[in-house]
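Report on the structure
Here is what each chain is made of, one letter per residue.
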Amino acid sequence: MIKLVVFDLDNVIIDGEAIDEIGKLANVEEDIAQITEKAMQGEIDFETSIKDRVQLLEGTSIEEIEKVADELPLMPGACDTIARLNEEDVDVAIISGSFDVVAEKVKEKLGVETVYTNSFTVEDGKLTGEVTGPLVSGSKLDVLKDHVENAGISLEEVVAVGDGANDISMIESAGCGIAFNAKDSVKEIADIIVDEKDLTKVLDEILNQLTTEDTENDAVENEDAEAETEEVEVEEVEVEAEADAEETEAEEPQEEEEAEVKEVEEVEEAEEPKAEKPKNDLPKSEFVLADTMEGVRKQKDEKEAEISKIAEEREEFNKIAKEQRKIRDELNASLKENLNKAIEFRNERNEINKAVEEAKKARNDANNQIKNLEWSSGKRDKVKIENEIKKIDKIIETRVLDIKKENQLVKNANDLRKQLMEIQEDESVKEEAQELRKLSEEEHEKVITLSEQAQAAHEEMLTYFRKTDDIRTAADDAHKKFIEARKSASEKHEEFKAVLSDIHVINKKLGSNKPRKRKSDKKSSHGANKNREEKERAEEIFKKFKQGGKVSTEELLLLQKYNIN
């Protein structure tokens, strides 16, 4: 988890090198720029470079330096980047070998609270040529380690952004190192390279990591709980016909008693995760019958029309519920597939990253061995003597000296040149160093190739995680619609039962008050036998129902026909 982002100041937060601009005040900008470039390339150590540059500024007005510092332009995107990191609750710090007079202006403009820099020594409003601060002899990594220890976080939770050789220590040790318009030596050890002068490109990389971490954490939670992809179990309820234990006194079936009731569809329960089956008994009817038989028959016609409409509405809600359940289940299946794919690519990326780290370690080990060989073979002494000679030559060229002092400096330079000629590098060491350079280059190629593969796997992982989020949203929406439709179907079913109960009351009235007819009146003996068989079958159906059996629509109509309830 990213908790801190550390920026270099010059050429990162501000668009330029502060000391080069300050050098213009003393007309030594070219000299300073040359030293700066060598330091950025790692040709001379930072302590030497900062002291040499500040020495050239001796006598410069601090007031004029403050004016220059106030006019230094911010890097494009700096304001947006710092503001967004603050919104994301990510701490920001600046660690720079530059100077507090510049950093204070940046703090005011960007609202950065933590800044580590060096300081000019000032007397009577002018620079003395001396410099102090934690980054004169100490490294940026030393300062960063102290900061994270005080903050109670680890280096793995840090993103370091820089461009020069003195940034390498913190970029290499941070959880994520970003080379921003950097020198080649910095790019070689960085995790991410940004070659555009726009800090929002750095912000995009950081936000991408934050999003990835959140997404991966969500994925792990989904794997552990298996709740996101678990299908909701739904019990289907078949509505059964209601019947009473009473037997009808009517021997003859009446055509008026036949209610045209449509088939009852299955209604899915609205309660989650498991629902109890509704009771099979119909609600008690408080229906008030008309005073005349003609009025009762009219009531029956009205109730049958009402129950038919309710059944149609309930059927439509059931249809919607089934459609949405099917959509939800298909999406849930797709959700699992996409989540598994995302996890596969995440694992692939992690494995490749392990190989990247191994290649980096092999490359860095080879580079360290090269440095040790070169320094042990006399290169350290050569570089030191060359720097001393250049310093003496510069003094002779740029300063007015008395002849005695000048002769002494010339003699010192010549003595140093003699020493330089006497230093010979070991040929065997050169060969070994050459082999190590070859190994370093091979491992670096591996780092580049594997990093590209890891990035490709990372992009695939993000694609599938995004798909997973979209599918989950659609599945949730389908499930919501399914629940709503099922609830509406249940409500319609309750209405259906209430009207059916009223129809039973009407049928009882019509059956008990219909005059009995003799068999010879309108029915043949064949018809009577058929009716008797139907009634006996209806009684068998009723017994089956009382024992918990299911009743079809046809059987329900037969029960109603003979008023068995």
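This structure is a prediction, so every number in the text was calculated from the model and none was measured.

Reading the values: the criteria
Residues numbered from 1 in each chain as written. Predicted model: local features only at pLDDT ≥ 70, side-chain atom pairs only at ≥ 80, totals over all residues. Heavy atoms only, no water. Salt bridge = Lys/Arg side-chain N within 4 Å of Asp/Glu carboxyl O. Helix = DSSP H or I, 4+ residues; strand = E, 2+ residues; numbered from the N terminus. Buried < 20%, exposed > 50% of the residue type's maximum accessible area, 1.4 Å probe, protein only. Polar contact = N/O pair within 3.5 Å; in protein donor to acceptor, adjacent residues only side chain to side chain. Contact = heavy atoms within 4.5 Å. Pairing = 2+ DSSP bridges. Right-handed = clockwise from strand over helix to strand, strands pointing away. Axes fitted to C-alpha atoms, helices over the stretch in contact; angles between N-to-C directions. Arc of directions from axis to C-beta. Phe/Tyr/Trp six-rings, centres within 6.5 Å; stacked < 30°, edge-to-face > 60°. Lys NZ or Arg CZ within 6 Å of the ring centre and 35° of its normal.

**Overview of the pattern of salt bridges**
- On inspection of all chains with the given rule, the structure shows 28 salt bridges.
- As a salt-bridge pair, K183 and E37 come within 3.5 Å of each other at their nearest N and O atoms. Residue K183 is located in the loop between β6 (176–180) and α9 (184–187), and its partner E37 is located in helix α2 (residues 29–41); the two are separated by 146 residues in the primary sequence.
- Its salt-bridge partner being D365, residue K361 comes within 3.2 Å of it at the nearest N-O pair. A residue pair is termed a helical-turn pair when its members lie 3 or 4 positions apart in one helix, as K361 and D365 do in helix α11 (residues 293–376) at 4 residues.

**Describing the side chain of K140**
- Considering the arrangement of structural elements, one finds K140 in helix α7 (residues 140–151).
- Taking the relative accessible area as the measure of exposure, K140 reaches 3% and is therefore buried.
- Side chain to side chain, K140 and D8 meet in a polar contact 2.9 Å long.
- Separated by 3.2 Å, the side chain of K140 and the backbone oxygen of I95 make a polar contact.
- Ignoring any residue separated from it by four or fewer positions in sequence, one finds K140 in contact with D8, I95, S96, G97, L135, N166, D167, S169 and M170.

**Some remarks on the pairing of strand β2 (residues 91–99)**
- Across the 9 residues of β2, 8 count as buried, placing the element largely inside the fold.
- When β2 meets strand β3 (residues 114–123), the two strands line up parallel, connected through 4 bridges. The residue of β3 that forms the bridge with F99 is N118.
- Crossover handedness for the path β2 to helix α6 (residues 100–110) to β3: right-handed.

**A closer look at the sheet that holds strand β1 (residues 4–7)**
- Pairing within the open sheet is mixed, and its 7 strands lie in the order β4-β3-β2-β1-β5-β6-β7. With partners counted over all chains shown, the strands left at the sheet margins are β4 (126–132) and β7 (192–194), one partner each. Strand-to-strand twist across the sheet, computed as the mean angle between neighbouring axes with direction ignored, equals 25 degrees.
- Sheet analysis places β3 next to β4, joined by 4 bridges and oriented antiparallel. For V122, the partnering residue across the bridge sits in β4 and is L127.

**Topic: helix α5 (residues 78–87)**
- All of the buried residues along α5 are A78, T81, I82 and L85. The buried residues of α5 occupy an angular sector of 90 degrees when projected down its axis, which confines them to one face. Exposed positions of α5 whose direction lies more than 90 degrees from the buried face are D80 and E87.
- Positive backbone phi, at 60 degrees, marks D89, one or two positions downstream of α5.

**Concerning the packing of aromatic side chains**
- Counted under the stated rule, the structure contains 2 aromatic pairs.
- Ring geometry for F99 against F120: centres 4.0 Å apart, planes inclined by 20 degrees, an arrangement best described as stacked. Taken as a pair, F99 in strand β2 and F120 in strand β3 lie far apart in primary sequence, 21 residues in all.
- Ring geometry for F345 versus Y464: centroids 5.8 Å apart, planes at 15 degrees, classification stacked. Highlighted residues: F345 in helix α11 and Y464 in helix α14 (residues 427–513), separated in sequence by 119 residues. As far as burial versus exposure is concerned, F345 and Y464 are alike and both buried.
- Against the face of F496 rests R314, its NZ or CZ located 4.4 Å from the ring centre.
- Taking NZ or CZ as reference, R328 lies 5.0 Å from the ring centre of F482, over its face.

Fair warning: the whole summary comes from geometry, so function is off the table for now.
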